[in-house]
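What follows is each chain in one-letter form.
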Amino acid sequence: MSLTLLDGWVIQARFCPSPHFNLRPLNEVSLLVIHNISLPAGCFGEPYIDQLFQGCLDIDADASFKELKGLEVSAHFLIRRDGELVQYVSCDDRAWHAGVSEFDGRQNCNDFAIGIELEGTDDVAYSDEQYQCLIELTHSLFKHYPALNKNRVTGHSDIAPGRKTDPGSSFDWLRYKAAF
């Protein structure tokens, strides 16, 4: 199945807009960054990721959320365990997912990257449905943004070494990249 982008939005995705974005300084999309996230850590299927990216996380819902108070973060996409695709920010805008980062000698990867979160952890295998959705999404993004290619896909751990570990050892890079 091919996904359709319109004004930076994948029309087949569940729309869940985040206020945590701004304009790309050079209007450039030339990198995909793969992340993982679970809230609370190791728990799947909860509403808290949407709430975090929308800026309305109930920090009293779990003791671990206290450290997230006031945090303004977002990603362009989340792929849930069942393969559901959620979009928070237009790909044409800058989401706030990478933090302090560097790729190929360039800093501030948010300026030119699309952030894709996988619901998961570093050490729990991702689902077949997640890989299928991620591959479909990647193919569609490659078609829409000509500067993207298999050499311009990386993990959060690669652009923020020592600070980030995701998508972790559980992510099968060979399986994913064999699709391109």
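Here's a quick rundown of the structure. (Residues numbered from 1 in each chain as written. Predicted model: local features only at pLDDT ≥ 70, side-chain atom pairs only at ≥ 80, totals over all residues. Heavy atoms only, no water.)

**Section: the environment of tryptophan 9**
Mapped onto the secondary structure, tryptophan 9 falls in strand β2 (residues 9-10). Exposure remark for tryptophan 9: the relative accessible area of 23% places this residue in the partly exposed category. Separated by 81 residues in the primary sequence, tryptophan 9 and serine 90 have C-alpha atoms spaced 5.2 Å apart. The residues contacting tryptophan 9, other than those within four sequence positions of it, are Thr4, Phe15, Gln87, Tyr88, Val89 and Ser90. (Helix = DSSP H or I, 4+ residues; strand = E, 2+ residues; numbered from the N terminus. Buried < 20%, exposed > 50% of the residue type's maximum accessible area, 1.4 Å probe, protein only. Contact = heavy atoms within 4.5 Å.)

**Looking at the nonpolar core**
In this structure, Leu32, Phe77, Leu85, Ile114, Ile116, Leu137 and Leu141 are the most contacted members of the largest nonpolar core, which totals 27 residues. Mapped onto this core, the elements with two or more residues apiece are β5 (31-37), β6 (77-79), β11 (113-119) and α2 (128-144). If you tally residues by element for this core, the top one is α2, at seven residues. Look past the residues within four positions of leucine 85 in its chain and what remains in contact with it is Leu3, Val10, Ala13, Arg14, Phe77, Leu78, Ile79, Cys133 and Leu137. (Core = buried A, V, L, I, M, F, W, Y, C linked by side-chain atoms within 4.5 Å.)

**Observations regarding the packing of aromatic side chains**
Scanning the model with the defined rule gives 11 aromatic pairs in all. Ring centres of phenylalanine 171 and tyrosine 176 lie 5.6 Å apart, and the angle between their planes is 65°; on these two criteria the pair is classed as edge-to-face. Tyrosine 176 gets classed as buried once you look at its relative accessible area, which sits at 0%. Taken together through their ring pairs, the aromatic side chains of Tyr126, Tyr131, Phe142, Phe171, Trp173, Tyr176 and Phe180 make up a single cluster. One Lys or Arg, arginine 81, reaches over the ring of phenylalanine 44 and ends 4.5 Å from the middle of that ring. Geometry around phenylalanine 112 places arginine 106 over its ring, the cationic atom sitting 4.0 Å from the centre. (Phe/Tyr/Trp six-rings, centres within 6.5 Å; stacked < 30°, edge-to-face > 60°. Lys NZ or Arg CZ within 6 Å of the ring centre and 35° of its normal.)

**Brief notes about unusual backbone geometry**
Here the residue pair leucine 39 and proline 40 is connected by a cis peptide bond, since its omega of -15° sits within 30 degrees of zero. Mapping proline 40 onto the fold places it in the loop between β5 and α1 (48-54). Here aspartate 166 and proline 167 are connected by a cis peptide whose omega angle stands at 15°. Looking at the element boundaries, proline 167 is found in the loop between α3 (156-159) and α4 (173-177). In this structure, aspartate 104 is a non-glycine residue whose phi angle is positive, near 55°. Assignment of secondary structure puts aspartate 104 in the loop between β9 (102-103) and β10 (106-107). Judged by its relative accessible area of 65%, aspartate 104 is exposed.

**A few points about the layout of surface pockets**
Of the voids in this model, the largest pocket is the one considered here, and its volume is about 710 Å³. As for the largest pocket, its lining consists of 30 residues, and the residues nearest its centre are Asn36, Ile37, Leu52, Leu68 and Lys164. Breaking the lining of the largest pocket down by element, the ones donating at least two residues are β5 and α1. In terms of residue count, the dominant contributor to the lining of the largest pocket is β5 (three residues). (1 Å grid on protein atoms, 1.4 Å probe; cavity = no way out; pocket = protein on both sides within 12 Å on 5 of 7 lines; lining within 4 Å. Points joined across faces, edges and corners; volume = space filled by probe spheres on them.)

**Description of the pattern of salt bridges**
Tallied over the entire structure, the rule returns 10 salt bridges. The partner of glutamate 28 in a salt bridge is arginine 106, with the nearest N and O atoms 2.8 Å apart. Pair noted here: glutamate 28 is in the loop between β4 (21-23) and β5 and arginine 106 is in strand β10, with a separation of 78 residues, a long-range link. By relative accessible area, glutamate 28 is classed as partly exposed at 22%. Using a relative accessible area of 31% as the deciding quantity, one classes arginine 106 as partly exposed. A salt bridge links arginine 94 to aspartate 111; the nearest nitrogen and oxygen atoms lie 2.4 Å apart. Here the residue arginine 94 occupies a position in strand β8 (residues 93-95), and aspartate 111 occupies one in the loop between β10 and β11, the gap between them amounting to 17 residues. Exposure remark for arginine 94: the relative accessible area of 17% places this residue in the buried category. Among the charged side chains, a network of salt bridges with common partners joins Arg14, Asp50, Arg80, Glu84 and Glu119. (Salt bridge = Lys/Arg side-chain N within 4 Å of Asp/Glu carboxyl O.)

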